[in-house]
Amino acid sequence: MKRDTLIALLDATDGDVYESCRDALRAGYAFKVFDGAVPIGALVTMYRRRERHTRARGIRTLGFVQALDRLVSAEDLGELLIGQVGGAGTVWFYQLFLAPDGSRVVACFAIGQDKEVTPRPSASDRLPGRGRKPLCALPPTR
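Residues numbered from 1 in each chain as written. Predicted model: local features only at pLDDT ≥ 70, side-chain atom pairs only at ≥ 80, totals over all residues. Heavy atoms only, no water.

A. Geometry of the environment of Thr61. Within the secondary structure, Thr61 is located in strand 3 (residues 61–62). With a relative accessible area of 33%, Thr61 lands in the partly exposed category. In sequence terms Thr61 and Gly112 are 51 residues apart; their C-alpha atoms lie 5.8 Å from each other. Every residue in contact with Thr61, bar those within four places of it in the chain, is listed here: Thr54, Trp92, Ala110 and Ile111. (Helix = DSSP H or I, 4+ residues; strand = E, 2+ residues; numbered from the N terminus. Buried < 20%, exposed > 50% of the residue type's maximum accessible area, 1.4 Å probe, protein only. Contact = heavy atoms within 4.5 Å.)

Structure, rendered in structure tokens:
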């Protein structure tokens, strides 16, 4: 797929993530649409897990939940092409899902490529007496 074609497909879809992805393509971000379609059921299962993972890790996303909703709504298509925009050193990494014939973008979301991620609390942060000291200490009992 050519860059201009993908930009035009993104133009046809409303939403911040689509506009952001289109702008990234216009700015010269690397992109690829992979050969071969993937069953939507497998995509929904995989990307639900990934969405939970990014949320649990505090990783920034744009349009992830909406993309999952769109994938579920498109199950009648049976399968979708997968594309990506961005890579190492980019602010956002975009994941695209296209109709099997490449005629439209069905869904798109972005993952922030920040170096810093909000840390998940470790077990020692949650359990008093292990690792970190509690913020307030009770006086010893006699």
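B. Representation of helix 4 (residues 64–73) in the model. Buried within helix 4 we find Phe64, Ala67, Leu68 and Leu71. Buried positions in helix 4, seen along its axis, are confined to an arc of 100 degrees and lie on one side of it. Next to the buried residues of helix 4 lie helix 3 (40–57), strand 3, strand 4 (79–85), strand 5 (92–98) and strand 6 (105–112). (Arc of directions from axis to C-beta.)

C. Representation of the pairing of strand 4 within the structure. Most of strand 4 is tucked away: five of the seven residues are buried. Bridging between strand 1 (residues 31–33) and strand 4 involves three bridges; their strand directions are antiparallel. Paired with Phe31 across the strands is Val85, a residue of strand 4. Where strand 2 (residues 38–39) lies against strand 4, two bridges are found, and the strand directions are antiparallel. Bridge pairing in strand 4 links Val38 to Leu80. In this sheet, strand 5 lies alongside strand 4 in antiparallel orientation, the contact comprising five bridges. In the sheet register, Ile82 faces strand 5, and the bridge partner there is Phe97. Counted along the chain from strand 4 to the antiparallel partner strand 5, the turn is six residues long, and its residue Gly86 has a positive phi close to 110 degrees. (Pairing = 2+ DSSP bridges.)

D. Inspection of the pattern of salt bridges at higher detail. Scanning the entire structure with this criterion turns up three salt bridges. Ionic contacts of the salt-bridge type, sharing partners, join the residues Asp11, Arg22 and Arg26 into one network. (Salt bridge = Lys/Arg side-chain N within 4 Å of Asp/Glu carboxyl O.)

E. Layout of the packing of helix 3 against helix 4. Where helix 3 contacts helix 4, the two axes come as close as 10 Å, and the packing angle between them is 165 degrees. Judged by the inter-axis angle, helix 3 sits roughly antiparallel to helix 4. For the crossing formed where helix 3 meets helix 4, the hand is left-handed. Across the interface between the two elements, Ile40, Val44, Tyr47, Arg48, Arg50, Glu51 and Thr54 from helix 3 touch Phe64, Val65, Leu68, Leu71 and Val72 from helix 4. (Axes fitted to C-alpha atoms, helices over the stretch in contact; angles between N-to-C directions. Parallel < 35°, antiparallel > 145°, perpendicular 65-115°, else oblique. Left-handed = near helix turned anticlockwise from the far one by under 90°.)

F. Structural context of helix 2 (residues 16–26). Where helix 2 is concerned, the buried positions are Val17, Tyr18, Ser20, Cys21, Arg22, Ala24 and Leu25. One or two steps after helix 2, the chain reaches Gly28, where phi turns positive at roughly 100 degrees.

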